[in-house]
Amino acid sequence: MRRPFIAALLALAASLAHAGEVQVAVAANFAGPLARIGEGFTAATGHVLKISAGATGKFYTQIISGAPFEVLIAADDETPKKLAAGGHAVAGTNFTYAIGKLVLWSAQPGFVDDQGAVLASDKVKHVAIANPKVAPYGAAAMEVIKARGLSDAVTPKLVTAESIAQAYQFVATGNAELGFVALSQVAVPGRPTPGSYWAVPANLYGEIRQDAVLLKAGADNPAAKALLDYLKSDAAKKLIREFGYGL
Amino acid sequence: MLSPAEWSAVRLTAELAGLTTVLLLLVGTPMAWWLARTSSPAKPVWAALVAMPLVLPPTVIGFYLLLLMGPQGPVGQLTQSLGLGRLPFTFAGLVVASVIYSLPFVVQPLQQAFEAVPERTMEAAATLRASPWDRFFSVAVPLARPGFVTASVLGFAHTVGEFGVVLMIGGNIPDKTRVLSVAIYDHVEATEFAQAHRLAAGMVVFALVVLVTLYVSNRPRREERPA
């Protein structure tokens, strides 16, 4: 009776000795998927994720000011490159973990047609976007509006959220009839899709390459490196695709 | 020195803070008077409600205001049925949010000032057949003058300094809801530190000047000290 118990204790102690913690800064659009990936990661390695979600641009400012993040999972590929160039990230560790897809979304079912024609409608008073100066999904949204020739019509209706998460919130509460958000926020596996959306064709905006990078603070943390390896694993890639990203 | 967009943010901030302060003095004075004079058992509850914005994080206030003033929210349905449209992402919405957020900064100094008005002075005025309104405006208000100064300055300054709620309710629209604190946040996020510094340093100087002025003007003068 006793021996299996002791063996289990020893196994637990051994895994605790190796188990580490990773401070992760993750772009708001990938926070949901990362939580799910984190479950598999912890089960496989024993390491625990401490996740902070927010806007990539804000993380950049915090990281160059010495924030203790060890891994950045960004919403673009520019920020990881800039961090590596500035010596704040480990050069050569950045890689594309996902390609983001933009959707025009409404919380009302049946409101958005499959061509996105509703964007020009008079019924729409507010269109939520993430701040195009700092959020790649916001910049992509501006490209779509321009490609549709709607800059003059839609610009006065724009409400700018600090991140794609806040853009989602503006639409989810119905205060903005429409908003450009990430497909990953709307198409959550195992949950019915709320409202209606138009998957914006990829030729209307520049590819949203989302890169991850090992930061200086995590250079000597094996758990941080393990997380980046896990993001490249088949199990993680399968989940990332299920959440509506390209790869 | 500042760009037109930044001047617009400065002007918008001054308008928001000014309007909010005026509304708060109108709403807050009767509230403070009641709180100062009442012996109702409900007083602690009302005092607590007034103080809530001091304790709640701006995201809580912003989140609930977004729901309340949204199309499904009771306030949103009321404003829509009155033909006023919806409040979020408008200047009017910012004013409503600011009045709620800055309420304790106006009501509490006024309440303390009214509580310091001696009951006997009010009774003496009553025996001279001054009407309740006359007593209030000719006796209580002049005696509570330092309280009004503090309330106005704190209400104005706190509205200027507000950030989380205006970001959530305002939607960061240039010339309509992008106030100074949001403009600074934008610059910092975009790593435009030079522009951020200009506005942020201005805010620091403004806050210091305002508070020093307040403390100087409320310093008890010798002839006002009780004998």
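Residues numbered from 1 in each chain as written. Chains lettered and ligands numbered in written order. Predicted model: local features only at pLDDT ≥ 70, side-chain atom pairs only at ≥ 80, totals over all residues.

A.B. asks: What exactly am I supposed to notice about the domain arrangement of chain A here?
C.D. replies: All names here are of chain A. Domain parsing of chain A yields domain 1 (2–99 + 208–242) and domain 2 (102–199). Computed from C-alpha atoms alone, the centre-to-centre distance between domain 1 and domain 2 is 29 Å. Elements with a contribution of two residues or more to the side of domain 1 that touches domain 2: helix H2 (31–45), strand S2 (48–54) and helix H3 (56–64). Of the residues belonging to the side of domain 1 that touches domain 2, the class tally is seven nonpolar, five polar and two charged. (Domains from an automatic or database assignment. Helix = DSSP H or I, 4+ residues; strand = E, 2+ residues; numbered from the N terminus. Nonpolar A, V, L, I, M, F, W, Y, C, P; charged D, E, K, R; others polar.)

A.B. asks: Is there a simple way to think about the pairing of S2 of chain A in this case?
C.D. replies: Remark: a regular strand shows side chains that alternate across the two faces of the sheet. Residues and elements named next belong to chain A. Judged from the seven bridges that link them, strand S1 (residues 21–27) and S2 form a sheet pairing that is parallel. Within the sheet, the bridge partner assigned to Val-22 lies in S2 and is Leu-49. Following the backbone out of S1, through H2 and into the adjacent parallel S2, one traces a crossover that is right-handed. (Pairing = 2+ DSSP bridges. Right-handed = clockwise from strand over helix to strand, strands pointing away.)

A.B. asks: Please explain the interface of chain B and chain A as it appears in this structure.
C.D. replies: Quoted interface sizes are often the accessible area lost when the parts come together. If you look at the interface, chain B gives 17 residues, while chain A gives 16 residues. For the side of chain B that touches chain A, the elements supplying multiple residues, two or more each, are helix H3 (58–68) and helix H10 (180–189) of chain B. The greatest single-element share of the side of chain B that touches chain A, amounting to three residues, is contributed by H10 of chain B. Along the lines of polarity and charge, the residues of the side of chain B that touches chain A split into nine nonpolar, five polar and three charged. (Contact = placed C-beta atoms within 7 Å.)

A.B. asks: Please explain the pairing of strand S8 (residues 178–182) of chain A as it appears in this structure.
C.D. replies: Residues and elements named next belong to chain A. The buried fraction of S8 is high, at five of five residues. In terms of strand pairing, strand S5 (residues 102–106) meets S8 through four bridges, oriented antiparallel. Looking across to S8, one finds that Trp-105 is bridged to Gly-179. For strand S6 (residues 127–130) and S8, the ladder comprises two bridges, and the chain directions are parallel. Across the sheet, Val-127 pairs through a bridge with Leu-178, a residue of S8. (Buried ≥ 20, exposed ≤ 12 C-beta atoms within 10 Å, placed from the backbone.)

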